[in-house]
Amino acid sequence: MNREEKIAQMAEWVKESNNIVAFTGAGISTESGIPDFRSPGGIWEQFDPSDFTYQKFVSNQGSRKILWQFFQNAYNMFTQASPNPAHFALAEMEKMEKLQAIITQNIDSLHLKAGNTLEKIIELHGNMERVVCIDCRSHHENEQILNRLLQGEEVPPCDHCSGILKPDAVFFGEPMPVDEMNRAQQSINSCDLCFSIGSSLVVYPAAGFPIMAKKQGKRLVIINRDPTSADQYADLVIHDSAGDTMKELLQMLNR
Ligand code: NAD
Ligand code: ZN
């Protein structure tokens with residue numbers, strides 16, 4: 001099948017379906033200017049992934065200092081980023097009452113900014129909008145923490161208990177949020193078509209969801225610039241830009 005035939009096939013499947021789940025990774029947001037982790041120029045070329053483990057963060061003041069430097073850069077990048085055509089296409093698919101859920105590994109809040117409703121979005125890895133105290137579990141405004149960083153605090157402690165503050169995103173080695181994992185499982189169980197968009201499908205347990213859909217006999221479509229570890233399971237694979245592909249899919253649906 002050539003590219004146009006593949007997009008026509010996808011459009012047919014979307015028309016036949018009422019329960020679509022989209023699984024999204026960092027690759028859906030690179031066209032919004034947020035680098036992914038593994039591509040050249042990605043985040044791991046600037047920071048050492050071993051500084052991002054939960055264990056190191058809680059046990060080591062030096063790691064916390066590096067993390068907060070990263071957070072300052074990342075926060076500015078995330079607040080300035082706008083959704084791209086791939087995010088907007090998923091918002092349209094919700095309006096068409098086709099899309100049942102978005103299971104995302106992303107922490108950039110771009111699905112919400114694109115217009116998908118909160119109850120449809122399952123953030124498996126949390127988000128960067130909030131800061132949480134790992135000791136008393138209180139939540140803190142991002143802006144306030146950012147101001148403290150700008151004023152020279154290198155590792156800001158919790159206002160309430162002086163405990164350790166952490167961006168409310170899931171770190172390597174940190175347990176996955178139970179509610180979100182359950183919601184993701186339920187949405188996979190009840191879907192009839194699963195899109196995996198912009199994920200290398202190597203970070204587990206999140207990457208297990210699209211494969212689970214396929215094992216349950218649902219259709220699986222993978223849209224990713226580079227080959228993924230699950231291409232062999234998919235009914236259809238497009239190695240291309242998520243923004244262009246989803247835009248063309250939407251045009252085909254609106255024809
Ligand atoms: P990844 O970095 O492992 O893989 C991203 C994939 O997206 C790559 O295979 C790449 O080929 C593909 N890609 C890049 N640009 C693309 C484009 N324009 N169109 C189509 N495909 C494109 O990312 P991952 O699988 O999501 O896992 C990494 C982890 O990093 C996740 O757990 C996530 O929490 C976190 N993360 C999040 C963000 C974000 O919130 N935007 C950014 C970086 C990392
Ligand atoms: Zn506290």
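Above this text sits the structure in question.
Predicted model, so just to flag it, every value in this text is computed and none were measured. (Residues numbered from 1 in each chain as written. Chains lettered and ligands numbered in written order. Predicted model: local features only at pLDDT ≥ 70, side-chain atom pairs only at ≥ 80, totals over all residues. Heavy atoms only, no water.)

(A) Representation of the pairing of strand S7 (residues 193–197). Counting buried positions along S7 gives five out of five residues, so the element sits mostly inside the fold. Burial of the side chains of S7 extends over both faces: Leu193, Phe195 and Ile197 are buried on one face and Cys194 and Ser196 on the other. Relative to strand S8 (residues 219–223), S7 runs parallel, the two sharing five bridges. Within the sheet, the bridge partner assigned to Ser196 lies in S8 and is Ile222. In this fold, S7 hands off to helix H8 (residues 208–215), which returns the chain to S8; that crossover is right-handed. (Buried < 20%, exposed > 50% of the residue type's maximum accessible area, 1.4 Å probe, protein only. Helix = DSSP H or I, 4+ residues; strand = E, 2+ residues; numbered from the N terminus. Pairing = 2+ DSSP bridges. Right-handed = clockwise from strand over helix to strand, strands pointing away.)

(B) Structural view of the coordination of the zinc ion (ligand 2). The protein atoms that coordinate the zinc ion (ligand 2) are Cys133 (SG), Cys136 (SG), Cys158 (SG) and Cys161 (SG), at distances of 2.3 to 2.4 Å. Coordination at the zinc ion (ligand 2) is tetrahedral, judged from the four donor atoms that bind it and the angles of 104 to 114° they form at the metal. Motif for the zinc ion (ligand 2), donor spacing along one chain: C-x2-C-x21-C-x2-C. Cys158 gets classed as buried once you look at its relative accessible area, which sits at 3%. (Donors = N, O, S within 2.8 Å, 3.2 Å for Na, K, Ca; no water. Tetrahedral: all angles 85-135°; square planar, octahedral: opposite > 155°, others 65-115°.)

(C) Up close: the environment of Glu153. With respect to the helices and strands, Glu153 occurs in the loop between helix H6 (142–150) and strand S6 (165–169). Measuring from C-alpha to C-alpha, the distance between Glu153 and Lys214 comes to 48 Å, with 61 residues separating the pair along the chain.

(D) Fine view of the packing of aromatic side chains. In total, this model carries three aromatic pairs according to the counting rule given. On the numbers, 5.2 Å between centres and 70° between planes, the contact of Phe57 with Phe171 is edge-to-face. One end of the pair, Phe57, is in helix H2 (residues 54–59); the other, Phe171, is in the loop between S6 and helix H7 (178–190), with 114 residues separating them in the sequence. The class for Phe57 is buried, based on a relative accessible area of 0%. When its relative accessible area of 9% is taken as the criterion, Phe171 is described as buried. Three or more aromatic residues joined by ring pairs make a cluster, and in this case those are Trp68, Phe71 and Tyr75. We note Lys166 situated over the ring of Phe171; from NZ or CZ to the ring centre the distance is 4.5 Å. The positively charged end of Lys215 is found above the aromatic ring belonging to Tyr233, 5.8 Å away from the centroid. (Phe/Tyr/Trp six-rings, centres within 6.5 Å; stacked < 30°, edge-to-face > 60°. Lys NZ or Arg CZ within 6 Å of the ring centre and 35° of its normal.)

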